[in-house]
Structures are given as C-alpha cells and as structure tokens.
Amino acid sequence: MLKGKLKLPVPEKALRVFPDRLGSLVAGFDDKEEDNGGSDVAFEHGEELETFQPNGFKSDRASDDDEKFQEELEVKVRPRPDKDGAGPASVSRVIAADEKRSDLEYELSRPEINLEKLQRIASTGLPDGGRLRAMAWKLLLGYLPPSRDLWEKELTENRKKYANLKEELLQSPSKFTRKDGAFSPDEQHVDRDMDGPLQRQEISQEDHPLSLGKASVWHEYFQHTEIVEQIDRDLQRTHPDMKFFSGDSSFSRKNKEAMRNILILFAKLNPAIRYVQGMNEVLAPIYFVFTTDTDEQNAGNVEADSFSCFVRLLSDSVDHFCQQLDNSAVGILSTLSRFSELLKANDEELWWHLEFTSKVRPQFYAFRWITLLLTQEFNFQVILRIWDSLLGHAPTSLLCNAAMC
C-alpha cells in the first residue's frame, strides 16, 4: 500500500530517483556520542564571505516565541582580522560580500533560474539571514523547478501530498475506526438513552487493538513504538547547545514535534530501513534553514518542505544504508575506497600517515563523515557553510563531497 509514496513530483532537470526500499543500515551508529561533537574552530575559506553565528544561540536568555527567534536570526557582522592578525575586515571583502549577495538575489529573481550559476555561487558560500539560503537549497535539491512559473503548482501539490500522508499514517487507528465504523458520537449517545441492554459495537479482527494478525492496523501501529521512542531520544540530543532545538520553550517543542513527524513518516514509508540513528542530524540543517524563510506561505509549510527535501537528500546515500550492497560498486565500502584514493591524490603525506604509519582505516573515521554529511564534526554555522558547497556540487555525489571537505 505504501510502495512508491515517496516519489513526489520533481522537475526532470533536477530529478533524483528515490527507490521504494532503502535497505538496512550497516553497523556503526549505536556508538554515537550524545553530545553534538561540534568544534568551535573558526571556518576559513580564503577571500570568500564568512558565515557568522546568529546572535543568541549561545545565550542563556530563553526564546519562547517566533518573534524573538526571528530577532535571534539577525546576523551580526563580526570584524575579521587581517592577515597580520589585527584590524577589521577589509573594505574589499565587504564589497565582495555585497556583490555576492546582489548576484544571488538577481539570479533567484529571474524567470528561469540558471542552476549552474547558482551552484557556482553556492559553492563559495551563501549569505546568512533572510530567505536566500532557503530558496537556493530548495532549488539545488530539486524541490523547486528552475522555472518560477511552476513554483506555485509544485509547492501546492507536494504540500498537499504531505498533508495526506500525515493524515493516513500518523493518526491513531482508532480515528480511522471511527471514520469507517457504524457509530458516530451522536448515535452512541442515543443508544445510551434507550431502555434495554447495551449494544456492543462490532469490531473486526483487523481493527481490534489486541489483534496479533499482520493485517491488523493496530499491529502495524504498535510495531513502530520502538522506532518512535528512538526518534524522541535522538531529538532530545540534537544540538543541545541551541535554543532552536533544545529546551522546553513552546518554540523548541514545536520544532521537535515537526521533525518527529518527518522522521516517523519516513520510517513508515520505508519499512526496509525505517529510522536510523543519525537521521535527525541530517534533517536538522534543512529544517533550520527553511524556518529562516521570510515568505509567510513558506514559513507556514516548513514541515512539508523539509520532508520533501530530506527525502531528496537521502536519495543520494540510499545505497550506503543497504547492507546487501556493502561489497558492491555502489556500497559504503566502495565509497570509502574512493575516499582513500581522493585523499591520496590531494594529500599523499596525510594518506601515508593514516594508512601505514598509524594504520587507521577510513572505516574508523570517514564512515561517520560520509553518512552524516559532517553534521557531527563542526559547530552548526560551519555546517551550513559546508552544506552550501556540498549542494553546490550536485553533479557529484554529496557523500564524496562530504568526505573531501
């Protein structure tokens, strides 16, 4: 019944095939540390625009509503030292940053988006704040077609499909029983007022909560209880240093609930793989960036848009999660081998040290880099900057790009 439901319509130019069965995950996520594994080391990228940490993420001041959060998203321009280690950012850097923003705004305003040019801009880093990064990521992931005339139709269809999937798969079976059952609340009230013995409502074996049959909707519902508990645990550990994801504020609870829906729905639609620990880390940057979109309609559909883009992003790594393909040309071991070759070509001294001096195989350090797209290796703002480059190299595998960043 669920087969093929993830194949949301995308434009032909940016289509990424997402198979119905993703397979099972190779071992390696159970030992993930509970901290965010981030690094506070500043991210350097030459003369390009630096991404700055939004004000408020490391503050103890609570953010309990959307308005306060939007204030926290405002970017503070932090003066960067010159090469001699002193002084503010040079005027040339500021001019270059303004020119990049202007080029991006112009490109995104065109009736037909030039994806190749957008990829080149993204590969050097996208500006923080506003809706520029959110729009660019949707285009680079193939969620939005290059033609602006098709945006409204595509968004409406995808968002409607997501709403239907939520109604069908995330509701308790008891709600469907009430819909399809013979008794409405009014009818039950009438029955109680009548004289005589009470009448038992007939429930089929398939709709009975205690049914052990595989065809029972309740059996399938309870099958996902363990998965839901794992998702809830992982969401509590998602970037605990950020008020956006952690804490008991109404805003953080709303964000976690939306991400929970996305991950549960993905697991139900893909019974061969279900949920894998670490998927919450891959979803987090997408959901965060889409909440920064200042467009009112987009802001109201962050959950639906994040789900569709999360599916497209994982489609690039599908073969790495299939244990049967581990030793094939498209499996994780083959990718790790290609990573080793790339490392040798780009830094042979480091490759020799790892392979022969220390005898550390890529399986022990690059596996997590590749499968989690470096989301556990850096602080959050640096992750966003890295993902700009990953998505900007769409013709190449995102996983290989992540390995060599």
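Further up the page is the structure itself.
Remember, predicted model here, so these are calculated numbers, not experimental data.

Thresholds applied
Residues numbered from 1 in each chain as written. Predicted model: local features only at pLDDT ≥ 70, side-chain atom pairs only at ≥ 80, totals over all residues. Heavy atoms only, no water. Axes fitted to C-alpha atoms, helices over the stretch in contact; angles between N-to-C directions. Helix = DSSP H or I, 4+ residues; strand = E, 2+ residues; numbered from the N terminus. Parallel < 35°, antiparallel > 145°, perpendicular 65-115°, else oblique. Left-handed = near helix turned anticlockwise from the far one by under 90°. Contact = heavy atoms within 4.5 Å. Nonpolar A, V, L, I, M, F, W, Y, C, P; charged D, E, K, R; others polar. Expected span 1.5 Å × (residues − 1). Buried < 20%, exposed > 50% of the residue type's maximum accessible area, 1.4 Å probe, protein only. Phe/Tyr/Trp six-rings, centres within 6.5 Å; stacked < 30°, edge-to-face > 60°. Lys NZ or Arg CZ within 6 Å of the ring centre and 35° of its normal.

Draft legend 1. Representation of the packing of helix α2 (residues 91–109) against helix α3 (residues 115–123) within the structure. Contact pair α2 / α3: the axes reach a minimum separation of 11 Å and the direction vectors enclose 150°. In terms of orientation, α2 lies roughly antiparallel with respect to α3. The handedness of the crossing between α2 and α3 is left-handed. Side by side, α2 and α3 meet where Lys100, Asp103, Leu104, Glu107 and Leu108 of the first sit next to Lys117, Leu118 and Ile121 of the second. Looking at the contact of α2 with α3 residue by residue, the classes come out as four nonpolar, no polar and four charged.

Draft legend 2. The arrangement of helix α17 (residues 380–392) in detail. Counted at 1.5 Å a residue, the expected span for α17 with its 13 residues is 18 Å, and the 18 Å between its end C-alpha atoms agrees. Here α17 lies mainly inside the structure; 13 of its 13 residues are buried.

Draft legend 3. Quick look at the packing of aromatic side chains. Evaluated as defined, the whole model comprises 15 aromatic pairs. Aromatic pair Tyr162 and Phe307: ring centres 5.1 Å apart, planes at 40°, arrangement tilted. Taken together, the residues Tyr162 in helix α5 (residues 151–169) and Phe307 in helix α13 (residues 302–315) connect sequence positions 145 residues apart. The class of Tyr162 is buried, set by a relative accessible area of 5%. Against the face of Phe290 rests Lys138, its NZ or CZ located 4.9 Å from the ring centre.

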